[in-house]
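Descriptive structure summary
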Amino acid sequence: MAAAAGELLPNVVHEKSLWAVVIGGGLGVLVMLAVKELAKKAEGYISLIATVGVDVLIDGLIIGIGFAAGAKEGILLTIALTIELLFLSLSVAAMLSQAKASRGKVIATTFGIALLLPLGAVIGVVLLAGLSGSTLAGFFAFGLVALLYLVTEELLVEAHEIPDTPLTTATFFVGFLLLIIIEETL
């Protein structure tokens, strides 16, 4: 959430290109809803692995979009989304272990998912190389919507399946503030 608010949103607003934001944001919504529908059709751990894989690939694209905005933005998004990847990987590994998957399958699956992050980043950087102005604003809007969707629709919904505690709430805001502190020190 901090990466979206602190890094992508200012770039979307700065370009002042309403149509690019509408188109990019609209495509972001459509892609995220399509991912949600695909996840519903898959069953069991395959659904989780597919959803996490798409999430991580999109996170990589968002990192590429961040580097298109500048090195500082790219680094901050990389830090934030790598932390998210750690927890997603732990979730996948725990779920596969509960399904009695072999250790090799757990390692191979989580490693394969992790490789999608740099792959998405490279695709994002190559795709956006040399773009500027409204086209780049459209990609920022897409990345912003995708990131906010994944945080609010997926992660926060799952987080509320168990009762909130003051520690969970505090952890969210400590993470938010930590990203701001990292940004200020770069």
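Reading the values: rules and limits
Residues numbered from 1 in each chain as written. Predicted model: local features only at pLDDT ≥ 70, side-chain atom pairs only at ≥ 80, totals over all residues. Heavy atoms only, no water. Helix = DSSP H or I, 4+ residues; strand = E, 2+ residues; numbered from the N terminus. Buried < 20%, exposed > 50% of the residue type's maximum accessible area, 1.4 Å probe, protein only. Contact = heavy atoms within 4.5 Å. Patch = residues over 30% accessible without salt bridge, like charges linked within 9 Å, V, L, I, M, F, W, Y side chains within 5 Å. Areas by Shrake-Rupley, 256 points an atom, 1.4 Å probe, with all protein chains shown as cover. Salt bridge = Lys/Arg side-chain N within 4 Å of Asp/Glu carboxyl O. Axes fitted to C-alpha atoms, helices over the stretch in contact; angles between N-to-C directions. Parallel < 35°, antiparallel > 145°, perpendicular 65-115°, else oblique. Left-handed = near helix turned anticlockwise from the far one by under 90°. Nonpolar A, V, L, I, M, F, W, Y, C, P; charged D, E, K, R; others polar. Expected span 1.5 Å × (residues − 1). Core = buried A, V, L, I, M, F, W, Y, C linked by side-chain atoms within 4.5 Å. pLDDT = per-residue confidence, 0-100.

Observations concerning the overall build of the protein chain
- The helix and strand inventory of the protein chain stands at 7 helices and 0 strands.
- For the protein chain, the proportion of its 186 residues judged to be buried stands at 37%.
- Contacts in the protein chain between residues at least 24 apart in sequence constitute 82% of all its contacts with a sequence separation of at least 6.

Topic: a nonpolar patch on the surface
- A grouping of L18, W19, V22, I23, L27 and L30 is seen on the molecular surface, where their side chains present a nonpolar patch of about 680 Å² in accessible area.
- Following the sequence through the fold, L30 ends up in helix α2 (residues 18-41).

Some words on the packing of helix α4 (residues 71-98) against helix α5 (residues 103-128)
- It is the contact of α4 with α5, at a shortest axis distance of 10 Å, that shows an interaxial angle of 155°. Comparing their axes, α5 and α4 come out roughly antiparallel. Two packed elements cross with a definite hand, and for α4 against α5 that hand is right-handed. The residues of α5 that touch α4, namely those facing T82, L85, S89, V92, A93, L96 and S97, are K105, V106, T109, T110, I113, A114 and L117.
- A per-class count over the contact of α4 with α5 returns 8 nonpolar, 5 polar and 1 charged.

Let's talk about α2
- An ideal rise of 1.5 Å per residue puts 34 Å on 24 residues; α2 measures up with 35 Å between its terminal C-alpha atoms.
- Here α2 has its buried residues at A20, G24, G25, G28, M32, V35 and A39.

Let's talk about the nonpolar core
- Ranked by size, the top nonpolar core spans 24 residues in total, and within it M32, V56, I62 and I113 carry the most contacts.
- Mapped by element, the contributors of at least two residues to this core are α2, α3 (44-69), α4, α5 and α6 (133-159).
- The dominant element in this core, judged by the number of residues it contributes, is α4, at 8 residues.

Examining the side chain of T110
- In this fold, T110 is placed in helix α5.
- Residue classification places T110 among the buried positions, given a relative accessible area of 17%.
- Setting aside anything within four residues of it in sequence, one finds T110 in contact with S89, V92 and A93.

Details of the confidence of the model for the protein chain
- Here the protein chain shows a mean pLDDT of 80. Residues at 70 or above account for 87%.
- Here helix α1 (residues 2-15) stands out as the least confident element of the protein chain, with mean pLDDT 65; α5 is the most confident, with 90.

Concerning the packing of α2 against α3
- Taken N-terminus to C-terminus, the directions of α2 and α3 make an angle of 160°; their axes are 9 Å apart at the nearest point. As the angle between them shows, α2 and α3 are arranged roughly antiparallel. In this structure, α2 crosses over α3, and the sense of that crossing is right-handed. Residue-level inspection shows V31, M32, V35 and A39 of α2 in contact with α3, the latter providing S47, T51, V54 and I58.

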